[in-house]
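The residues making up each chain are set out below.
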Amino acid sequence: MPEVAFLASLARSLLDHTPQALFYLDAHGHIRHLNGPAGRLLAEQDGGADAAAVLAGRLLAEIAHPAAAALARAVDEARAAAAASPVDVVLNLPDGGHRLLTGGVVPHRHDDGTVGFLGLLHDITDRQRIADFLLRRDPFVNTVLNAVVDGVVIADRAGVIRTINQACCQQFGYEADELLGQNLSVLMPPPFSRDHHKYIDSYMDTARPKIIGIGRDSLGKRKSGAVFPIHLSVGEARINGEVVFVGVIRDISDRLEAEQRATYLARHDALTGVLTRSAFLDECESVLANSRNVPGMEGCYALYTLDVDQFSDVNEAFGFHVGDAALKALVSRVMEVLPKETYICRIAADEFAALSRVPGGQEAQELAHTLHDRLTASIYAERHWVRLRVSVGGAICDETVQRLEELNTKAKLALQAVQHNGGNSVCFYTPEMAAAATRRMLLTMHLAHAIERNELHLVYQPIVDAATGHVKSAEALLRWTHNSLGAISPAEFIPVAEESGLIVPITDWVLTTAVHQMLAWEADGVLPDRVFMNISGQQFLRGNLTHRLQELLRDHPQLQHHLGLEITEQAAVRDLKAAVRTLGELESIGVQVAIDDFGSGYSSLSYVQQLPVAKLKIDRAFVVDVPENAKNVALVRAAVGMAHGLGLVTVAEGVETAEQQRFLRSIGCDLLQGYLFGRPMAPAALADMIRAEQAPVLPAGDAI
């Protein structure tokens with residue numbers, strides 16, 4: 001028999017008599033040969049008939065059998081990768097059990113360059129057979145083992161390594177021949193390596209596994225000596241009565257790192273690295289609880305709350321990257337100033353808290369002022385110099401504080417007190433602050449219903465011509481008289497309205513009421529040249545102020561040139577672009593705008609000259625002690641000169657004496673407002689004042 005024919009016959013004989021199911025497919029996936037076990041496997045649904053003749057030449061993917069489908073997918077993967085592809089199949093048995101098949105597909109290149117695929121499936125339902133299969137050191141088994149991404153190691157009862165795949169070698173940094181014949185303990189760090197034989201002996205004696213069959217996280221040791229986390233699953237098999245163990249090893253370093261990162265981020269702020277609020281509460285509660293159990297412990301704890309005032313301005317002016325860099329610098333400075341054992345957290349975007357052990361209350365306050373000075377110093381962030389305005393509230397943990405939340409409430413009240421007074425300062429909690437907070441809550445609740453209960457009303461203060469003393473205009477001022485609380489000062493309820501957002505509907509009520517009063521005055525012939533109303537920053541920057549005024553004046557266009565609005569410097573420059581746009585819209589419909597309390601805010605000529613306003617109202621703080629105070633005299637004189645240079649009319653507020661009137665008239669101030677000319681009064685009283693000025697002066701001889 002020729003040698004080629006002999007080899008072909010020998011190959012066919014081997015293929016047909018091996019217990020494994022073997023397939024040979026052409027490049028397109030058509031069956032060119034299958035042995036008896038393969039035919040019986042695919043023909044199980046036909047009662048086990050010989051399928052060789054029936055299936056030969058068919059496209060494997062078209063055969064309705066789980067094994068055929070799995071092999072077809074493996075052929076596609078092997079073709080794409082030009083490498084072996086593993087196959088695992090689970091067959092459902094009629095009795096409800098399962099049959100497990102494993103194997104793979106290996107590409108085969110013929111001498112003529114064509115490619116075929118050799119497929120193999122092996123029944124591993126019996127553990128002894130799977131172990132026997134894995135222990136075969138033929139090239140196909142090696143190919144399958146090396147295709148597994150996890151490490152696979154097979155060892156005998158003594159722990160001697162008999163088979164190991166490429167992934168396991170890579171995990172531990174060895175070559176295969178360095179590990180074959182070695183004890184498994186070479187892959188384990190102490191104490192696992194020392195106690196490994198005890199685990200095996202215990203299992204063999206008691207048949208009670210500690211890791212066998214369940215899998216758990218453990219540690220492995222690389223050739224370099226480095227220890228790394230692994231997940232280890234071990235299965236047992238018996239070959240001719242000999243026990244062998246199959247271990248599957250997965251390197252979980254990345255998983256643990258991700259878990260640790262997730263745990264860290266759950267307790268730490270991603271930007272600044274300080275604790276989150278919940279983690280801060282947990283840590284500090286524990287610290288405070290432990291401190292109470294230590295007798296004679298010196299010092300106390302102080303809680304600081306920090307809020308960056310108007311931080312959005314930094315983001316809008318320079319960008320969020322600069323704002324983020326500034327916050328990181330702020331946290332670094334907090335760590336520099338406060339004691340080493342300090343817990344810091346980020347409560348909100350621009351709000352932080354810190355708990356520090358301090359010697360006493362006085363030292364805590366001194367530390368707070370030092371911290372404030374450091375935080376408000378210039379910060380160089382992303383090539384920009386930034387100065388932050390920071391409000392600091394503090395509270396001391398004394399015998400009245402049982403939980404951290406109570407201490408935090410006190411520190412927050414102190415912070416609110418700072419912010420109510422303009423911010424950018426330091427304040428420590430006092431018992432009066434709790435009463436003030438309760439009062440603000442009460443006012444907020446009642447103020448929400450003040451309009452519907454008809455508790456609000458307007459009074460009007462005259463603004464007179466500095467030269468003649470006659471009424472030129474008036475300012476509408478809001479008053480609130482509660483049916484049980486009585487008259488409430490605007491200085492108290494206006495901040496409450498602004499904080500709660502109620503200022504927007506209240507301002508709308510003021511505008512509506514003032515327009516109706518102007519119509520009444522117009523009908524009586526006593527309408528002032530202008531009636532000014534104060535507009536909050538929230539209302540001014542909402543973007544619909546001009547539209548709302550047009551709605552109110554749609555049927556009364558003649559009032560447009562009698563209506564005036566007053567806004568503060570802070571509101572005007574908070575968003576300069578929006579302010580310029582809104583002021584231009586108001587100017588286009590004839591509504592005049594004045595800058596109120598000029599000098600108390602930014603006081604920058606660069607701001608004022610960009611704003612299309614008609615008047616500057618000089619703050620009463622500069623008028624109250626002129627002409628005695630030389631500095632205020634200089635400031636008022638400069639403000640009047642600057643305003644006139646810009647073509648603006650000046651109004652001095654808070655005029656109460658004749659000396660003040662004479663001085664302001666002498667420096668050219670245009671209009672005056674204050675108690676000297678009239679307190680805020682009812683609409684009828686202002687009308688009477690204007691009528692009196694309108695009455696003709698009779699000659700002396702005509703007097704009655």
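Residues numbered from 1 in each chain as written. Predicted model: local features only at pLDDT ≥ 70, side-chain atom pairs only at ≥ 80, totals over all residues. Heavy atoms only, no water.

A closer look at the overall build of the protein chain
At step 1: The helix and strand inventory of the protein chain stands at 27 helices and 26 strands.
At step 2: Within the protein chain, the fraction of its 704 residues that count as buried is 45%.
At step 3: In the protein chain, once contacts between residues fewer than 6 apart in sequence are set aside, the share between residues at least 24 apart is 59%.
At step 4: Entry remark: accessible area of the protein chain is about 35,400 Å², with carbon and sulfur atoms responsible for 53%. (Helix = DSSP H or I, 4+ residues; strand = E, 2+ residues; numbered from the N terminus. Buried < 20%, exposed > 50% of the residue type's maximum accessible area, 1.4 Å probe, protein only. Contact = heavy atoms within 4.5 Å. Areas by Shrake-Rupley, 256 points an atom, 1.4 Å probe, with all protein chains shown as cover.)

Details of the pairing of strand β13 (residues 351–358)
At step 1: Most of β13 sits out of view: seven of its eight residues are buried.
At step 2: Relative to β13, strand β11 (residues 300–309) runs antiparallel, the two being bridged by eight bridges. Across the sheet, residue D307 finds its bridge partner in β13, namely E351.
At step 3: Linking two consecutive strands that pair antiparallel, namely strand β12 (residues 342–348) and β13, is a turn of two residues. (Pairing = 2+ DSSP bridges.)

Quick look at the packing of aromatic side chains
At step 1: Counted by the stated rule, this structure contains five aromatic pairs.
At step 2: On the basis of an interplanar angle of 70° and a centroid distance of 4.8 Å, the ring pair of Y460 and W521 is categorised as edge-to-face. Of this pair, Y460 sits in strand β18 (residues 456–465) while W521 is found in helix α18 (residues 503–524), placing the two residues 61 residues apart along the sequence.
At step 3: Exposure remark for Y460: the relative accessible area of 1% places this residue in the buried category.
At step 4: According to the relative accessible area criterion, W521 is buried, its value standing at 2%. (Phe/Tyr/Trp six-rings, centres within 6.5 Å; stacked < 30°, edge-to-face > 60°.)

Section: the environment of A437
At step 1: Residue placement: A437 occurs in helix α16 (residues 431–447).
At step 2: Residue classification places A437 among the buried positions, given a relative accessible area of 18%.
At step 3: Considering only alpha carbons, one finds A437 and L413, 24 residues apart in sequence, at a separation of 7.3 Å.

Structural notes on the pattern of salt bridges
At step 1: Inspection of every chain in the model, using the stated rule, returns 22 salt bridges.
At step 2: For R222, the salt bridge identified is with D251, shortest N-O distance 3.6 Å. Here D251 lies in strand β10 (residues 242–251) and R222 lies in the loop between β8 (216–221) and β9 (227–239), a separation of 29 residues in the sequence.
At step 3: For D251, a relative accessible area of 32% corresponds to the partly exposed category.
At step 4: Residues E653 and K617 are paired through a salt bridge, measuring 3.5 Å at the closest nitrogen-oxygen approach. Remark: K617 occurs in strand β24 (residues 615–618) and E653 occurs in the loop between β25 (649–652) and α26 (658–666); sequence separation between them is 36 residues. In terms of burial, E653 and K617 fall into one category: buried.
At step 5: Each of E475, E566, K617 and E653 takes part in one network of salt bridges that share partners. (Salt bridge = Lys/Arg side-chain N within 4 Å of Asp/Glu carboxyl O.)

With respect to the sheet that holds β11
At step 1: Strand order in the open sheet formed by five strands is β12-β13-β11-β16-β17, and the pairing between neighbours is mixed. One side of each edge strand has no neighbouring strand; the edge strands of this open sheet are β12 and β17 (426–428). Here the average twist between neighbouring strands, direction ignored, is 20°.
At step 2: In this sheet, β17 lies alongside strand β16 (residues 389–396) in parallel orientation, the contact comprising three bridges. Within β17, the residue paired with G394 across the bridge is F428. (Axes fitted to C-alpha atoms, helices over the stretch in contact; angles between N-to-C directions.)

Some words on the side chain of Q20
At step 1: With respect to the helices and strands, the residue Q20 is situated in the loop between α1 (3–17) and β1 (21–25).
At step 2: Of the residues examined, Q20 reaches a relative accessible area of 10% and is grouped as buried.
At step 3: A distance of 3.0 Å separates polar atoms of two side chains, one belonging to Q20 and the other to H122. (Polar contact = N/O pair within 3.5 Å; in protein donor to acceptor, adjacent residues only side chain to side chain.)

Some words on the state of the cysteines
At step 1: Applying the stated criterion to the full structure yields zero disulfides.
At step 2: Of all cysteine sulfurs, the one in C300 lies closest to C397, which takes part in no disulfide; the gap is 7.9 Å. (Disulfide = S-S within 2.5 Å.)

Some details on the environment of W521
At step 1: It is 9.7 Å that separates the C-alpha atoms of W521 and L686, two residues lying 165 residues apart in sequence.
At step 2: When neighbours within four sequence positions are excluded, W521 is seen to be in contact with Y460, V526, L527, P528, V531, P683, L686 and A687.

Points about unusual backbone geometry
At step 1: Along the chain, V626 connects to P627 via a cis peptide bond; the corresponding omega equals 5°.
At step 2: For P627, the location among the structural elements is in the loop between α24 (620–623) and α25 (630–645).
At step 3: Positive phi outside glycine occurs at N454, with the angle close to 60°.
At step 4: Relative to the elements of secondary structure, N454 occurs in the loop between α16 and β18.
At step 5: For N454, a relative accessible area of 64% gives the class exposed.

Concerning the environment of V287
At step 1: With respect to the helices, strands and loops of the structure, V287 is situated in helix α11 (residues 277–292).
At step 2: Residues V287 and Y301, spaced 14 residues apart in sequence, show a C-alpha to C-alpha distance of 9.6 Å.
At step 3: If near-sequence neighbours (up to four positions away) are discounted, V287 is found in contact with Y301 and Y343.

With respect to helix α17 (residues 490–500)
At step 1: Looking only at α17, the buried set comprises F493, V496 and A497. The buried residues of α17 all sit within an arc of 100° when viewed along its axis, so they share a single face.
At step 2: Taken together, the buried residues of α17 touch α16, β19 (471–482), β20 (486–488) and α18.
At step 3: Its side-chain oxygen 3.1 Å from the backbone nitrogen of A491, S489 forms the N-cap of α17.
At step 4: The positive-phi residue at the C-terminal boundary of α17 is G501, with phi of around 85°. (Arc of directions from axis to C-beta.)

Examining the confidence of the model for the protein chain
At step 1: Of all residues in the protein chain, 85% have pLDDT values of 70 or greater, and the mean over the chain is 83.
At step 2: Below pLDDT 50 for its whole length, residues 208–213 participates in ten contacts with residues either more than four positions away or in separate chains. (pLDDT = per-residue confidence, 0-100.)

Regarding the nonpolar core
At step 1: Counting residues in each nonpolar core, the largest one holds 79 residues, and the members touching the most others are L447, Y460, L549, L565, V636, L664 and L672.
At step 2: In terms of residues, this core owes the most to one element, α18, which gives ten residues.
At step 3: If sequence neighbours within four positions are ignored, Y460 has contacts with A474, E475, A476, A514, Q517, W521, V531, R679, P680, M681, P683 and L686.
At step 4: F352, A368, V390 and V426 belong to the second largest nonpolar core, which has 34 residues in total. (Core = buried A, V, L, I, M, F, W, Y, C linked by side-chain atoms within 4.5 Å.)

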